[in-house]
Amino acid sequence: MPDKSKTSRPGGRSARVRAAVHRAVVELVQETGADKVTIPAVARRAGVNPSSLYRRWGTASALLADVADRRQDEETPELLGDLRADLERVAVWTLTDLSRPGGVAFFRADVAPDVDERRAGLRACLERVSARFQGPLDAAARRGETPPTLERVLDRIVAPLYFRVVFSVPGTDERYARELVAELCAPGQAGPGSPGGACFDVQSDRLRS
């Protein structure tokens, strides 16, 4: 079982080792695929004793999931202050991250059943993606707009993107990601204080009327 205190301790040699190991994992996934990544192979590439990796992560799956966590936290897009534009930026960023070399492999590792139970990989992945999209929704609500629910965003944007990338469906590109947002954003039905083209929770509005 990975030692949480060792894995999360910032700074110093521990941080340098983790960075070297993460780089080695990314390189190996891109070169050989996630299923070929082993602790000894990562240790050789990173110049680290394999026993250190076993103590810290325990298994290759746990190590892959740790790298997936770090990748997801990097380079999150900044908000522009317009709900549709913000959702487009997050959707395109999500697609780009998932489509880059090793992206699907890291996603599969993140939700692999043999990852340490404390990680609750699938739940952690969903929470991370949800938080990414929750930011634009919360910002829109603070501006007095009526954003769609997070559940609706997950159903209409996130689920199609992940499905199509995982199963290599042709045409899953930036244009497609923007089209998903456009379909959700009900053109011409702006929320309060947002003229023209703002996102609008059609289902919630119908229930209120």
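One can find the structure itself at the top, above this paragraph.
Now for a quick tour of the structure. For clarity, every value in this text was computed on a predicted model and none was experimentally measured. (Residues numbered from 1 in each chain as written. Predicted model: local features only at pLDDT ≥ 70, side-chain atom pairs only at ≥ 80, totals over all residues. Heavy atoms only, no water.)

Some remarks on the overall build of the chain
Okay, so step 1: Assigned secondary structure in the chain consists of 11 helices and 0 strands.
Okay, so step 2: The order of helices and strands in the chain, counted from the N terminus, is α-α-α-α-α-α-α-α-α-α-α.
Okay, so step 3: The proportion of buried residues among the 209 residues of the chain is 49%.
Okay, so step 4: Looking at the chain alone, contacts between residues at least 24 apart form 64% of all its contacts between residues at least 6 apart.
Okay, so step 5: Here the chain displays about 11100 Å² of accessible surface, and carbon together with sulfur accounts for 52% of that area. (Helix = DSSP H or I, 4+ residues; strand = E, 2+ residues; numbered from the N terminus. Buried < 20%, exposed > 50% of the residue type's maximum accessible area, 1.4 Å probe, protein only. Contact = heavy atoms within 4.5 Å. Areas by Shrake-Rupley, 256 points an atom, 1.4 Å probe, with all protein chains shown as cover.)

Digging into the side chain of R164
Okay, so step 1: Relative to the helices and strands, R164 is located in helix α9 (residues 150-166).
Okay, so step 2: Lacking a salt bridge, the buried R164 has D173 as its closest oppositely charged neighbour, with an N-O distance of 7.0 Å.
Okay, so step 3: One polar contact links R164 to T172, side chain to side chain, over a distance of 2.9 Å.
Okay, so step 4: Sequence-distant contacts of R164, defined by excluding residues within four places in its chain, comprise V169, P170, G171, T172 and Y176. (Lys, Arg positive; Asp, Glu negative; His and termini not counted. Salt bridge = Lys/Arg side-chain N within 4 Å of Asp/Glu carboxyl O. Polar contact = N/O pair within 3.5 Å; in protein donor to acceptor, adjacent residues only side chain to side chain.)

Some remarks on the packing of aromatic side chains
How two aromatic rings sit relative to each other is set out by the distance from centre to centre and by the angle between their planes.
Okay, so step 1: Overall, the coordinates contain 1 aromatic pair when judged by the stated rule.
Okay, so step 2: Note on F163 and F167: the rings are 4.9 Å apart at their centroids and 40° apart in plane angle, and the pair reads as tilted. (Phe/Tyr/Trp six-rings, centres within 6.5 Å; stacked < 30°, edge-to-face > 60°.)

Structural notes on the pattern of salt bridges
Okay, so step 1: In the structure shown here, the tally under the stated rule is 9 salt bridges.
Okay, so step 2: Salt-bridge contacts for R84 lead to E88; the nearest nitrogen and oxygen are separated by 3.5 Å. Residue R84 and its partner E88 are located together in helix α6 (residues 83-99), separated by 4 residues, close to a single helical turn.
Okay, so step 3: Look at R84 and you get partly exposed, because its relative accessible area is 25%.
Okay, so step 4: Among the salt bridges present, the one from R100 reaches D97, with a minimum N-O distance of 2.8 Å.
Okay, so step 5: With a relative accessible area of 8%, D97 lands in the buried category.

Quick notes on the packing of α6 against α9
Okay, so step 1: Running from amino to carboxyl end, α6 crosses α9 at an angle of 25°, the nearest separation of the two axes being 10 Å. Put simply, α6 runs roughly parallel to α9. As for how α6 packs across α9, the hand of that crossing is right-handed. Where α6 abuts α9, its residues A91, T94, L95, L98 and S99 lie against I157, L161, Y162 and V165.
Okay, so step 2: Among the residues making up the contact of α6 with α9, the classes are represented as 7 nonpolar, 2 polar and no charged. (Axes fitted to C-alpha atoms, helices over the stretch in contact; angles between N-to-C directions. Parallel < 35°, antiparallel > 145°, perpendicular 65-115°, else oblique. Left-handed = near helix turned anticlockwise from the far one by under 90°. Nonpolar A, V, L, I, M, F, W, Y, C, P; charged D, E, K, R; others polar.)

Thoughts on unusual backbone geometry
Okay, so step 1: We note that S168 has phi near 55°; this positive angle belongs to a residue other than glycine.
Okay, so step 2: Mapping S168 onto the fold places it in the loop between α9 and α10 (174-184).

Let's talk about α6
Okay, so step 1: For α6, built from 17 residues, the straight-helix expectation of 24 Å at 1.5 Å per residue is met to within 8% by its first-to-last C-alpha distance of 24 Å.
Okay, so step 2: Here α6 lies mainly inside the structure; 13 of its 17 residues are buried. (Expected span 1.5 Å × (residues − 1).)

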